[in-house]
Amino acid sequence: MKKQIINPRVIEYFFGILATGAIALGLFLYAWDEPTRIALAQQDQLYADLDGAMTLYAENCSVCHGAAGEGIGSTPAIDNPALRETDYDILAKIIERGLFNTAMPAWSQRDGGPLNDYQIGELVTLVQYGDWEQAQERVVNLGLAPRIPFTVEPDAALLEQVATLPDGNTLVRGLQLYSQECVACHGADGLGTTLAPALNDVAVREKSQDELARIILNGVSGTLMAPWENTLSEDDLNALITLIVQWERVPAGSVPAPERPILVTEESLALGSTLYTNSCAHCHGPEGQGTQRAPALNVKGFLTDTNDAAIEQIITLGVPGTAMPAWGDRMSEAEIQALVGLIRSWEPNAPEVAEPARGGGPWWQAGGTTTPGGGKGGGPAWMQNGTGGGGRGRNALPSGGTNQDTVTQSDQLNKAQGTGTAALGGGAKQGSGTQGEQTGQGPPWGQQQAATGWWEQIDWLAVGMIGLSLSIPLILVGLAVTKLRQLASVP
């Protein structure tokens, strides 16, 4: 029987077709995966833009628009469904050039502002897609929360007293308007704040009523004083001017000092704990229970009767005639607020009667008690054995120790749960993955929905690349067969 010889050209055709099929399959799978790859790349870019935008917002915008974009006084809210639907170019133009006749300045570098085009784009992304709870947390963690109340209620008894004065009804109306619209910036009783000057001032009263009306109606360029021309009626304007001109006749406390709640986060509480351990525990006790040297802070009576503003003032200015020093020149405002937030966090579980800690004398004499920071006695943590408090921002202590309680900003902001909610493109997508905690995946609101089926778990881009790579040896085999056939045909 004659042996059949396989034609080499058939082998060439076979490997050529096989290689072509592998290439086609690889290209198909690569193209199949391309939309997913593009979507993931866009999502990653969105995470990065939102992360940068929250810091920009905290540093530049929160003082007027509020920690969570809720607006302050006459400044409008940014957390607004209408703004989310506003065209990108319109929002960018507003941020770039500001708004005429308002307190909104130009932020573009081309118009004298501090922001470049990319940063402005990040802020627009925050307005359209941001999670304002996360933005508030960033503002608080950076120590930039604007502690400003929107309104206060004027003292009713004093209002009745004011009503008996000449022009009393007009003064009462002025006090009510001031409590609703002006106290946020100009402070209780018109005594001013860090945001705006005092109105209850002799120099202001000496201005003419026409000048006062012009300032109120037109605002003051380059400041936070917005124009009120389209907000106040003629009677309202007259009431405010009357109040400013005759404020010395109004009893003190008519517009009370407002309660200013301190916003807290996990990170700010950790910072407050470290600061308390390093600077306060040796006098007030490791848990705020007081000592022979200083009164208890962690007790119902003190926390109920003392609001956050008063605690902040005590820490900042000290208490004359006592051992309580002024910390305002040694701690930043953010650090003092972190301390206030920690002390306020004790209130739900504060005892009715505090049991003072033993010792409490000078730190070099106290001993035996371990402070939360790890040091013994009542003295500064960096003078103790064991681990002291670590550095605390720009006022870092001379300690080489470590603080196990400190939560860094990057840790706090980069940890996202696998069950996070994605708020991208205006819609919410609830994840249900079991991968637990993941780091470096962006803000929690941007977590992807976990894959639920084996088909969704396949990396089709990788499969496509494998298909392309398999075609290479097939092509080489085909070329080798062709070369051997050519050599065999040579006589």
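See the structure shown above.
Every chain begins its residue count from 1, and numbering advances along the sequence as written. Thresholds applied to this predicted model are a pLDDT of at least 70 for local features of residues and 80 or more for the giving and counting of side-chain atom pairs; totals over whole chains, interfaces and linings are not thresholded and use all residues. Calculated side-chain values reflect all of the structure's heavy atoms, with hydrogen atoms and water omitted.

(A) Spatial organisation of the overall build of the protein chain. Secondary structure is summarised from DSSP: a helix means a run of H or I of at least four residues, a strand means a run of E of at least two, and numbering begins at the N terminus for each. Along its length, the protein chain carries 19 helices and four strands. Any two residues whose heavy atoms approach within 4.5 Å at even a single point are treated as in contact. In the protein chain, the proportion of contacts linking residues at least 24 apart, taken out of those at least 6 apart, comes to 64%.

(B) Local environment of the packing of aromatic side chains. Each Phe, Tyr or Trp ring, with Trp reduced to its six-membered ring, pairs with another whose centre is within 6.5 Å; inter-plane angles below 30 degrees give stacked pairs, above 60 give edge-to-face pairs, and intermediate values give tilted ones. Counted by the stated rule, this structure contains four aromatic pairs. Taking the centre distance of 5.9 Å and the plane angle of 45° together, the rings of F28 and W32 count as tilted. Of this pair, F28 and W32 are both found in helix α1 (residues 8-60), four residues apart, which corresponds to roughly one turn of the helix. Working definition: with a 1.4 Å probe on protein chains only, accessible area under 20% of the residue-type maximum means buried, over 50% means exposed, and in between means partly exposed. Here F28 falls in the partly exposed class, since its relative accessible area comes to 48%. A ring pair is formed by Y57 and W132, whose centres lie 5.1 Å apart and whose planes are at 70°; its orientation type is edge-to-face. Residue Y57 is located in helix α1, and its partner W132 is located in helix α6 (residues 132-141); the two are separated by 75 residues in the primary sequence. On the basis of relative accessible area, Y57 is assigned to the buried category, the value being 1%.

(C) Quick peek at the layout of surface pockets. A pocket here means an open set of points on a 1 Å grid, computed over the protein atoms alone, that has protein on both sides within 12 Å along at least five of seven lines. A cavity is instead a set of points where a 1.4 Å probe fits but cannot get out; residues with an atom within 4 Å of a point line either one. Grid points are joined across faces, edges and corners, and a volume is the space filled by probe spheres set on the points. Approximately 960 Å³ is the volume attributed to the largest pocket. Forming the walls of the largest pocket are 41 residues, and the residues nearest its centre are H65, L99, T102, A103 and M104. Elements with a minimum of two residues in the lining of the largest pocket: α1, α2 (62-65), α4 (88-97), α5 (117-129) and α10 (209-218). Looking at the lining of the largest pocket residue by residue, the class counts come to 26 nonpolar, 14 polar and one charged. Under the grouping applied here, Gly and all other residues not named as nonpolar or charged are polar, the nonpolar ones being Ala, Val, Leu, Ile, Met, Phe, Trp, Tyr, Cys and Pro and the charged ones Asp, Glu, Lys and Arg.

(D) Quick look at the pattern of salt bridges. By salt bridge we mean one thing: a side-chain nitrogen of Lys or Arg within 4 Å of a carboxyl oxygen of Asp or Glu. Summed over all chains, the structure comprises eleven salt bridges. A salt bridge links D51 to R138; the shortest N-O distance between them is 2.7 Å. A residue pair is termed long-range when its members are at least 10 positions apart, and D51 in helix α1 and R138 in helix α6 qualify at 87 residues. The class for D51 is partly exposed, based on a relative accessible area of 30%. With a shortest N-O distance of 3.7 Å, K207 and E211 are connected by a salt bridge. You can call K207 partly exposed: its relative accessible area is 31%. Judged by its relative accessible area of 29%, E211 is partly exposed. Connected through shared salt-bridge partners, E96, R110 and D117 make up one network.

(E) Geometry of the packing of helix α7 (residues 156-163) against helix α8 (residues 168-186). In contact at an axis separation of 7 Å, α7 and α8 are set at 145° when each is read in the N-to-C sense. Where α7 abuts α8, its residues L159, V162 and A163 lie against G168, N169, L171, V172, L175 and Q176. Partitioning the contact of α7 with α8 into residue classes produces six nonpolar, three polar and no charged. Between the N-to-C directions of two axes lies an angle of 0 to 180 degrees, each axis being a line fitted to C-alpha atoms and, for a helix, fitted only over the stretch in contact.

(F) Summary view of the nonpolar core. Put simply, buried Ala, Val, Leu, Ile, Met, Phe, Trp, Tyr and Cys residues joined by side-chain atoms within 4.5 Å make one nonpolar core. Ranked by internal contacts, the top residues of the largest apolar core, which has 26 residues, are L175, Y178, I216, L240 and L243. Looking at this core, the element that brings in the most residues is α8, giving seven residues. Counting 25 residues, the second largest nonpolar core, distinct from the first, contains C61, I78, V124 and A135.

(G) Representation of the side chain of T242. Assignment of secondary structure puts T242 in helix α11 (residues 234-245). Among the polar contacts listed, one links the side chain of T242 to the backbone oxygen of N238, at a separation of 2.8 Å. Those residues in contact with T242, other than ones at most four positions away along the chain, are T170 and L171. Definition of a polar contact: a pair of N or O atoms within 3.5 Å, with one able to donate and the other able to accept a hydrogen when the atoms are protein atoms, and with sequence-neighbouring residues admitted only if both atoms are side-chain atoms.

(H) Here's a closer look at the state of the cysteines. In this description, the term disulfide denotes a pair of cysteine sulfurs within 2.5 Å. Applying the stated criterion across every chain yields a total of zero disulfides. No disulfide involves C280; its sulfur sits 8.5 Å from that of C283, the nearest cysteine.

(I) Representation of a nonpolar patch on the surface within the structure. Patch rule: a residue counts if its relative accessible area is over 30% and it has no salt bridge; like charges are joined within 9 Å, and nonpolar side chains (Val, Leu, Ile, Met, Phe, Trp, Tyr) within 5 Å. Residue-level accessible areas treat just the shown protein chains as cover; the underlying method is Shrake-Rupley with a 1.4 Å probe. Where nonpolar side chains cluster on the molecular surface, the patch consists of I23, L27, I472, I475, L476 and L479 and spans about 550 Å² of accessible area. Of all the elements in the fold, those that place two or more residues in the nonpolar patch are α1 and α19 (460-488). No other element matches the four residues that α19 contributes to the nonpolar patch. Structurally, the position occupied by L479 is in helix α19.

(J) Region of the structure containing the environment of I215. Structurally, the position occupied by I215 is in helix α10. I215 gets classed as partly exposed once you look at its relative accessible area, which sits at 22%. Along the chain, I215 and E229 lie 14 residues apart, while their C-alpha atoms are 9.9 Å from each other. In contact with I215, not counting residues within four places along its chain, are V220 and M225.

(K) Seen up close, α11. Between the first and last residue of a helix there are one fewer steps than residues, each counted as 1.5 Å, and that sum is the expected span. In this model α11 runs 17 Å from its N-terminal to its C-terminal C-alpha over twelve residues, within 8% of the 16 Å that 1.5 Å per residue would give. Listing the buried residues of α11 in full gives D236, L237, A239, L240, I241, T242, L243 and I244. Looking at the buried residues of α11, the elements they touch are α8, α9 (202-205) and α10.

(L) The arrangement of the environment of W327 in detail. Looking at where W327 falls in the secondary structure, it is placed in the loop between α15 (308-317) and α16 (333-345). With relative accessibility at 13%, the residue W327 sits in the buried group. The sequence separation of W327 and Q313 amounts to 14 residues, and the corresponding C-alpha distance is 9.7 Å. Apart from the residues lying within four places of it in its own chain, the contact partners of W327 are S279, I315, T316 and I336.

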